Amino acid sequence: MKQDSTRNISYTVDCEDYVHVVKFNPFDSGDSCSLIAYGGNNYVVVGTCRFQEEDAEVEGMQYKTLRTFHHGIRVDAIAWSPETRLDAIPPQIRFCTAASDRKLRLFTSDLQDKNEYKTFDGHSDYINDLVFAPNEGQEIASVSDDHTCRVWDLEGNEKAHFVLRSPGMSVCWHPEEAFKLMVAEKNGTIRFYDLITQQAILSLECEQIPLMSADWCLKNTLKIGAVAGNDWLIWDITRSSYPQDKRPVHVDRARLFRWSRVNENLFATTGYPGKTTTQLLVHHLGHPQLTRGSDYV
């Protein structure tokens, strides 16, 4: 693992081709290392990262490739399944991808002889985001430029279908709210759907466009965050359908919003890749002056 001092990058991993998407496994895999997947034009690579903050015997970070999966087409998004376990006998790796051919692909592997994938057809335009049901992992939700949010079982059968009023940009499934789905639309609306009745039960408004990304805070189910235009926005859903706080953050428009998984006051935003001043910024709600950032290409 190389340490890289340029442009504030901490560590780099050499890759054979372009990397379009990177995703750490957000679930407990039964091992002290962190699982990571990254996708390129024709493949998905699954590996492990072990950081010195987690293991005193590690200097910097140790990276190990577990398996490379042939994908055959550009990978645009990756979601991990909570069923992924490294401590099982045999281990199980399960993840789903969204590809440029508007299809989902569900991969399952024991890192030995079993390497399977299934293709889910249904979306008619670009798929922007997908997520597994966070507790059992038996369903997958996806949102698309085709103005739909769809929920699938692991056989590729469509279990629910929500018609949106604009492209769906983000979809979130909270482990403490297993029967609700949060869907963020490009027109600035964030809706919560009841998966039992399949009806919208709550909506939030940005009052600005385009909304590009939203996230549901893991440590506080009442907090929602998003980026729209140049700004980040924060809601407390018990108080108002309009944001309680917002602030301009990226000159060339904001692209992604992600909450910390351990602190309800920490979140990160990114600008658009390829822009002259593209940045990854980390924010603290209680101390906005402590925002930290780094440039990236």
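Residues numbered from 1 in each chain as written. Predicted model: local features only at pLDDT ≥ 70, side-chain atom pairs only at ≥ 80, totals over all residues. Heavy atoms only, no water.

**Describing the sheet that holds strand β19 (residues 211–216)**
The condition is simple: Here a strand pair is declared whenever DSSP counts at least two bridges between the two strands. Starting at the N terminus, helices and strands are each numbered in turn, a helix being any DSSP run of H or I of at least four residues and a strand any DSSP run of E of at least two. Helix axes are fitted to C-alpha atoms over the stretch in contact, other axes to C-alpha atoms as well, and angles between N-to-C directions run from 0 to 180 degrees.
Sheet architecture is open: 4 strands sit in the order β19-β20-β21-β22, paired in antiparallel fashion. One side of each edge strand has no neighbouring strand; the edge strands of this open sheet are β19 and β22 (245–248). Each strand axis lies, on average, 15° off the axis of its neighbour in the sheet, ignoring direction.

**Considerations on the sheet that holds strand β17 (residues 189–194)**
The strand order across the open sheet formed by 4 strands is β15-β16-β17-β18, and the pairing between neighbours is antiparallel. Looking at strand neighbours, the two that pair on one side only are β15 (168–172) and β18 (199–205), the edges of this open sheet. The average undirected angle you get between the axes of adjacent strands in this sheet is 20°. In this sheet, β18 lies alongside β17 in antiparallel orientation, the contact comprising 6 bridges. From the neighbouring strand, Asp194 faces β18, where its bridge partner is Gln199.

**Here's the deal with the side chain of Asp129**
Which entries qualify depends on this criterion: When accessible area is computed with a 1.4 Å probe and restricted to protein chains, residues below 20% of their type maximum are described as buried, those above 50% as exposed, and intermediate ones as partly exposed. Under this rule, positive means Lys or Arg and negative means Asp or Glu; His and the chain ends count for nothing. Salt bridge, as used here: a side-chain nitrogen of Lys or Arg that lies within 4 Å of a carboxyl oxygen of Asp or Glu. By the criterion applied in these results, polar contacts are pairs of N or O atoms within 3.5 Å in which, for protein atoms, one can donate a hydrogen and the other can accept it, and in which residues neighboring in sequence qualify only through two side-chain atoms. For this analysis, residues touch if any pair of their heavy atoms sits within 4.5 Å.
Along the polypeptide, Asp129 turns up in strand β11 (residues 127–132). This buried residue, Asp129, is left without a salt bridge; Arg258 holds the nearest opposite charge, at 5.1 Å. Within polar-contact distance, the side chain of Asp129 engages the backbone nitrogen of Val171 at 3.0 Å. Look past the residues within four positions of Asp129 in its chain and what remains in contact with it is Ala141, Ser142, Val143, Met169, Ser170 and Val171.

**Some thoughts on unusual backbone geometry**
In this structure, the amide linkage connecting Ile89 to the following residue, Pro90, adopts the cis form with an omega of -5°. When you line up the elements, Pro90 lands in the loop between β7 (75–80) and β8 (93–99). With an omega of -5°, the peptide bond between Ile209 and Pro210 qualifies as cis. Following the sequence through the fold, Pro210 ends up in the loop between β18 and β19. Located in the positive-phi region is His147, a residue other than glycine, with phi close to 65°. In this structure His147 comes out as partly exposed when scored by relative accessible area, which is 31%. Its identity is not glycine, yet Glu207 carries a phi of approximately 65°, on the positive side.

**Points about the environment of Leu202**
Checked against the element boundaries, Leu202 lands in strand β18. In this structure, the C-alpha to C-alpha distance between Leu202 and Phe192, residues 10 residues apart in sequence, is 5.2 Å. Apart from the residues lying within four places of it in its own chain, the contact partners of Leu202 are Ile190, Arg191, Phe192 and Ile237.

**A closer look at the pairing of β15**
Of all 5 residues in β15, 5 are buried; the element is thus mostly enclosed. Sheet analysis places β15 next to strand β16 (residues 180–185), joined by 4 bridges and oriented antiparallel. Looking at the pairing, Gly168 lines up with Glu185 of β16.

**Details of the confidence of the model for the protein**
Quick note on the threshold: Per-residue confidence from the predictor is reported as pLDDT, a score between 0 and 100.
Within the protein, residue pLDDT values average 90, and 92% of them lie at 70 or more. Note on residues 1–6: pLDDT is under 50 here. Beyond four places in sequence and across chains, it has 14 contacts.

**Side note on the environment of Leu164**
With respect to the helices and strands, the residue Leu164 is situated in the loop between β14 (158–163) and β15. Judged by its relative accessible area of 5%, Leu164 falls in the buried class. Between the C-alpha atom of Leu164 and that of Ser213, which follows or precedes it by 49 residues, the distance is 16 Å. With sequence-adjacent residues up to four places away left out, Leu164 is seen in contact with His147, Thr148, Cys149, Val183, Glu185 and Tyr193.

**So, the packing of aromatic side chains**
We apply this condition: Any pair of Phe, Tyr and Trp rings, taking the six-membered ring for Trp, is counted once the centres come within 6.5 Å. Such a pair is stacked with planes under 30 degrees apart, edge-to-face with planes over 60 apart, and tilted for the rest.
Scanning the model with the defined rule gives 13 aromatic pairs in all. Residues Phe192 and Trp216 carry aromatic rings whose centres are separated by 5.1 Å and whose planes lie at 80° to one another, so their mutual orientation is edge-to-face. In this pair, Phe192 sits in strand β17 while Trp216 sits in strand β19, placing the two residues 24 residues apart along the sequence. Both residues of the pair, Phe192 and Trp216, belong to the buried class. Seen in terms of ring centroids, Phe257 and Phe267 are 4.8 Å apart; in terms of plane orientation they differ by 15°. Their pairing is stacked. Residue Phe257 is located in strand β23 (residues 254–259), and its partner Phe267 is located in strand β24 (residues 266–271); the two are separated by 10 residues in the primary sequence.

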